[in-house]
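Inside the fold
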Amino acid sequence: QHKDAYQVILDGVKGGAKEKRLAAQFIPKFFKHFPELADSAINAQLDLCEDEDVSIRRQAIKELPQFATGDNLPRVADILTQLLQSDDSAEFNLVNNALLSIFKMDAKGTLGGLFSQILQGEDIVRERAIKFLSTKLKTLPEEVMTKEVEEFILTESKKVLEDVTGEEFVLFMKILSGLKSLQTVSGRQQLVELVAEQADLEQTFNPSDPDCVDRLLQCTRQAVPLFSKNVHSTKFVTYFCEHVLPNLSSLTTPVEGLDIQLEVLKLLAEMSSFCGDMEKLESNLKKLFDKLLEYMPLPPEEAENGENAGNEEPKLQFSYVECLLYSFHQLGRKLPDFLTAKLNAEKLKDFKIRLQYFARGLQVYIRQLRLALQGKTGDALKTEENKIKVVALKITNNINVLIKDLFHIPPSYKSTVTLSWKPVQKADASQKRASEDTTSSSPPKKASAGPKRDARQIYNPPSGKYSSNLGSFSYEQRGGFRGGRGRGWGGRGNRSRGRIY
């Protein structure tokens with residue numbers, strides 16, 4: 001008798017608006033009492049989730065978590081994930097809340113539904129499910145995000161990472177690096193290995209393929225924050241020295257306005273401090289040294305009367321030299337006799353002449369910059385022009401410290417500097433002051449005036465003037481790295497309101 005009454009409620013989904021509204025409330029309310037009608041009940045509720053009347057749809061979606069019992073939970077999670085494609089904001093929020101509430105009942109079951117749609121669902125559903133994970137997982141309490149649940153996320157994520165776009169990869173790295181179990185040294189090591197796999201460091205590097213270059217840069221940018229004295233960057237630094245540096249001038253990028261060569265050199269500099277034991281250290285140091293020489297010009301020849309023989313003053317590219325000199329200084333520590341024992345005397349003499357000439361030009365710029373910034377504080381330092389000068393002063397000071405080290409006999413690798421685009425650590429303040437001229441009355445530089453980690457500034461004054469086209473580049477995340485590996489995008493027909501479950 002009760003079963004018949006419940007069947008009448010189920011049939012209500014075929015009635016008018018009033019019947020449907022009642023059905024949306026009563027189907028879930030009595031659901032647990034009629035296990036033999038479970039399938040029919042869920043299907044009836046799904047019909048209501050697809051109703052043309054938005055208020056009925058919202059009511060039906062709101063009640064979906066009541067069906068998430070036992071074996072039905074992954075199915076409900078799968079349905080809710082598909083409903084993330086809704087463009088109605090109230091409906092979309094209800095779906096999010098419903099997913100969060102079943103997460104607290106059974107996290108693994110809910111994740112099963114989400115990942116099945118990420119792997120097999122339509123593009124819009126995949127995109128929104130990934131976004132849901134990247135924004136909501138970190139809000140869940142520890143009793144929900146157990147070690148077992150985190151392991152499940154890692155296992156399923158690895159399946160997805162076999163075929164992702166660049167943007168999806170960045171979101172998955174955000175998801176995984178937020179997991180508590182991956183905050184350990186071995187956890188970070190695992191993440192670095194995932195990134196290395198994604199970067200495909202075994203393949204031949206093609207500098208003229210913008211996607212190949214972009215993929216390497218995106219992956220490296222994800223790996224950089226994971227490196228530390230215990231998690232080494234050796235594999236990446238080796239790849240950059242062996243494959244990227246020799247092709248630096250022929251690199252192409254799909255990102256408009258990006259100085260791709262500087263971007264690569266900055267990444268190499270950041271990684272070089274965490275490089276472990278390298279197999280071909282001498283040969284890679286030689287590649288780095290040769291590239292550094294390209295940006296360290298010889299002084300122009302002087303005529304007999306002491307005047308310049310008509311040769312133009314070489315252009316000093318400070319931003320590039322800071323990165324290359326820093327990387328060479330970091331790796332040189334591992335082979336301190338490289339300059340004295342591995343180079344012949346002629347080469348070393350040539351290098352010292354270049355260093356000396358560069359240092360002379362450097363002193364001129366440092367004086368000009370200090371003069372320009374003298375007495376300026378607060379808002380005056382925040383103008384675009386002065387911000388660039390503050391960064392330029394950091395760059396030139398850094399190069400100055402490193403050149404002084406290499407002038408020691410034998411060359412020394414003891415000084416430490418903070419790369420110009422990195423926020424200044426308080427511990428570095430005394431050393432920064434020491435590297436500045438104590439007679440200068442310029443104010444101490446403020447960390448806040450420098451660019452944040454991702455504000456890419458370039459300082460490259462053409463012979464004695466400030467460059468007018470200085471600006472900051474934001475390195476956008478682009479592209480699909482796994483194009484052509486069977487994602488088969490675009491052939492699925494988006495956002496159909498028909499039965500999609």
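Values in this document were obtained by computation on a predicted structure and should not be read as measured data. (Residues numbered from 1 in each chain as written. Predicted model: local features only at pLDDT ≥ 70, side-chain atom pairs only at ≥ 80, totals over all residues. Heavy atoms only, no water.)

In terms of regular secondary structure, the protein chain is built from 20 helices and 2 strands. Counting every position in the protein chain, which comprises 501 residues, the buried fraction comes to 51%. Taking all contacts inside the protein chain whose residues are at least 6 apart in sequence as the whole, residues at least 24 apart take part in 74%. Carbon and sulfur atoms provide 50% of the accessible area of the protein chain, an area that totals close to 23900 Å². (Helix = DSSP H or I, 4+ residues; strand = E, 2+ residues; numbered from the N terminus. Buried < 20%, exposed > 50% of the residue type's maximum accessible area, 1.4 Å probe, protein only. Contact = heavy atoms within 4.5 Å. Areas by Shrake-Rupley, 256 points an atom, 1.4 Å probe, with all protein chains shown as cover.)

On to the packing of aromatic side chains. Given two aromatic rings, one states the distance between the centres and the angle between the planes to describe the pair. Going through the model one piece at a time under the given rule, you end up with 14 aromatic pairs. Geometrically, the ring pair formed by F103 and F132 is stacked, given 6.5 Å between the ring centres and 25° between the ring planes. Of this pair, F103 sits in helix α6 (residues 89–105) while F132 sits in helix α8 (residues 123–136), and the two are 29 residues apart along the sequence. An aromatic cluster is present here, built from F289, F328, F338 and F351 joined pairwise through their rings. (Phe/Tyr/Trp six-rings, centres within 6.5 Å; stacked < 30°, edge-to-face > 60°.)

A few words now on the environment of K266. Considering the arrangement of structural elements, one finds K266 in helix α14 (residues 260–272). Its relative accessible area of 3% is what places K266 among the buried residues.

Attention now moves to unusual backbone geometry. In this chain, I409 is followed by P410 through a cis amide linkage whose omega measures -10°. Assignment of secondary structure puts P410 in the loop between α19 (384–407) and α20 (429–434). Located in the positive-phi region is D200, a residue other than glycine, with phi close to 60°.

This paragraph deals with the pattern of salt bridges. Here the idea is simple: oppositely charged side chains can pair when their charged atoms come close. Per the counting criterion, the structure on display carries 19 salt bridges. For K108, the salt bridge identified is with E148, shortest N-O distance 3.1 Å. Highlighted residues: K108 in helix α7 (residues 107–120) and E148 in helix α9 (residues 147–160), separated in sequence by 40 residues. Of the residues examined, K108 reaches a relative accessible area of 33% and is grouped as partly exposed. (Salt bridge = Lys/Arg side-chain N within 4 Å of Asp/Glu carboxyl O.)

Along its 24 residues, α19 runs 35 Å from first to last C-alpha, staying within 8% of the 34 Å computed at 1.5 Å per residue. Burial of α19 is extensive: 19 of the 24 residues sit out of reach of the surface. (Expected span 1.5 Å × (residues − 1).)

Looking now at the packing of helix α18 (residues 345–373) against α19. Where α18 meets α19, the axes come as close as 9 Å, and the angle between the chain directions of the two elements is 150°. The way α18 lies across α19 gives a crossing that is left-handed. (Axes fitted to C-alpha atoms, helices over the stretch in contact; angles between N-to-C directions. Left-handed = near helix turned anticlockwise from the far one by under 90°.)

Our next topic: the side chain of S86. Of note, S86 is situated in the loop between α5 (72–83) and α6. Residue S86 is classed as buried on the basis of its relative accessible area, which comes to 5%. At 3.1 Å, the side chain of S86 forms a polar contact with the backbone nitrogen of D88. (Polar contact = N/O pair within 3.5 Å; in protein donor to acceptor, adjacent residues only side chain to side chain.)

Considering soluble globular proteins, one finds that nonpolar side chains tend to be buried as a cluster. By size, the foremost hydrophobic cluster in this structure holds 149 residues, and its most contacted members are I27, L80, I153, F236, F328 and L339. Counting residues per element, this core draws most heavily on α18, which supplies 11 residues. Once residues lying within four places of it in the same chain are set aside, the contact partners of I153 are L111, F115, L137, M145, I175, L176 and L179. (Core = buried A, V, L, I, M, F, W, Y, C linked by side-chain atoms within 4.5 Å.)

With that settled, consider the confidence of the model for the protein chain. When pLDDT is averaged along the protein chain, the result is 82, and 82% of the positions lie at 70 or above. Confidence drops under pLDDT 50 across residues 427–501; counting only partners more than four residues distant or on other chains, this segment forms 190 contacts. (pLDDT = per-residue confidence, 0-100.)

Looking now at helix α4 (residues 54–63). Along α4, the residues classified as buried are I56, R57, A60, I61 and E63. One face of α4 carries all of its buried residues, which in axial projection span an arc of 165°. Residues of α4 that are buried sit in contact with α2 (17–30), α3 (38–49), α5 and α6. (Arc of directions from axis to C-beta.)

Quick look at the environment of E50 now. Note that E50 resides in the loop between α3 and α4. You can call E50 buried: its relative accessible area is 17%. Residues E50 and A60, 10 residues apart in the sequence, show an inter-C-alpha distance of 9.0 Å.

It is worth spelling out the packing of helix α12 (residues 210–223) against α14 at this point. Running from N to C, α12 and α14 point in directions that differ by 35°, and their axes come no closer than 11 Å. The two elements α12 and α14 cross, and the hand of that crossing is left-handed. On α14, the residues touching V213, L217, T220 and R221 of α12 are I260, E263, V264, L267 and M271. Its residues assigned to classes, the contact of α12 with α14 shows 6 nonpolar, 1 polar and 2 charged. (Nonpolar A, V, L, I, M, F, W, Y, C, P; charged D, E, K, R; others polar.)

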